Amino acid sequence: RLLQGMKGEVKEDPSGNCERKSLIDEALKGDISETFGSRLSSLEISIDEQIDKEEEEKRLQDIKREKEKNDRAEKLRLKMEEDLKKKQEQDKLERYLALKSLDEMVRELVQECTCPTQFPMVYVSEGRYRIGDSKYLIFVRILRNHVMVRVGGGWDSLQNFLNKHDPCRCKL
């Protein structure tokens, strides 16, 4: 840059003619004087100032890019948190609806009995029902669209359970 600046200086002679003279040409002619030195140092100073200005602009651009990167990361984090909250609310709603549909599915299976006095199955709490006239509670869950009953250490379908325990179904 210093050399480019030294080549491109326009000089005006006393008669008013503009002539492009470079500092290098003057130095090579042997016309080294105080003006050459002062022009060279002022040119060097302006080039140093320009370099400092460019470095400062680059530093500011880097800071701006880093801030934008942090802002994008923060927006992404907030969006992920919001999506997680929505998913949790949706899961909560689905669990509620699943419980409702569990009760509906149990009622449908119990109502398959056509006896005048149906086999009683009373809802006690979430997933727990009292069966027949006894004090026994059964634990009921949905597994892949099947209503399952906890029997001993395993699981059986509610359909099979009712076939074994409902008096009118046992006769068949």
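Our subject in this report is the structure included herewith. By convention here, each chain's residues receive numbers from 1 onward along its written sequence. With pLDDT at 70 or above as the cut-off, local features in this predicted model cover only qualifying residues; side-chain atom pairs require 80 or more to be listed or tallied, and sums for whole chains, interfaces and linings still use all residues. Side-chain numbers come from the whole structure's heavy atoms, not from hydrogens or water.

Our focus in this paragraph is the overall build of the protein chain. Counting its regular elements, the protein chain contains five helices and seven strands. The numbering of helices and of strands both runs from the N terminus, where a helix is a DSSP run of H or I of at least 4 residues and a strand a run of E of at least 2. Seen in sequence order, the protein chain has helices and strands lined up from the N terminus as α-β-β-α-α-β-β-β-β-β-α-α. Each residue gets one of three labels from its accessible area relative to the maximum for its type: buried under 20%, exposed over 50%, partly exposed in between, using a 1.4 Å probe on protein chains only. Burial status across the protein chain gives 19% buried among its 172 residues. Contacts are assigned to residue pairs with any non-hydrogen atoms lying within 4.5 Å of each other. Of the contacts made within the protein chain by residues no fewer than 6 positions apart, 33% connect residues no fewer than 24 positions apart. The method behind every accessible area is Shrake-Rupley, applied with a 1.4 Å probe, and residues are considered shielded solely by the protein chains displayed. Of the roughly 13600 Å² of accessible surface on the protein chain, 54% is carried by carbon and sulfur atoms.

Our next topic: the packing of aromatic side chains. Aromatic contacts are taken between Phe, Tyr and Trp rings whose centres are within 6.5 Å, Trp giving its six-membered ring; a plane angle under 30 degrees counts as stacked, one over 60 as edge-to-face, and the others as tilted. Enumeration according to the criterion identifies two aromatic pairs in this entry. A centroid spacing of 5.5 Å and a plane angle of 75° characterise the contact between tyrosine 123 and tyrosine 129, whose relative ring orientation is edge-to-face. Between the aromatic rings of phenylalanine 139 and tryptophan 155, the centroid separation amounts to 5.8 Å while the plane-to-plane angle is 50°, which identifies the pairing as tilted. Residue phenylalanine 139 is found in strand 5 (residues 137–143), and its partner tryptophan 155 is found in strand 7 (residues 154–157); the two are separated by 16 residues along the sequence. A residue is classified by how much of its surface remains accessible, and phenylalanine 139, at 25% relative accessible area, is partly exposed.

Turning our attention to the pairing of strand 5. As defined by bridge partners, strand 4 (residues 128–131) adjoins strand 5 across three bridges and the pair is classed as antiparallel. In the sheet register, arginine 128 faces strand 5, and the bridge partner there is phenylalanine 139. A pair of strands is treated as paired once DSSP finds two or more bridges between them. Counting the residues that bridge the hairpin from strand 4 to strand 5 gives five residues, and of these glycine 132 lies at a positive phi of roughly 55°. In this structure, strand 5 lies alongside strand 6 (residues 146–151), joined through four bridges in antiparallel fashion. Each residue of the ladder has a partner; that of isoleucine 142, found in strand 6, is valine 147. Here strand 5 hands over to strand 6 after two residues, with arginine 144 in that stretch at a positive phi of 50°.

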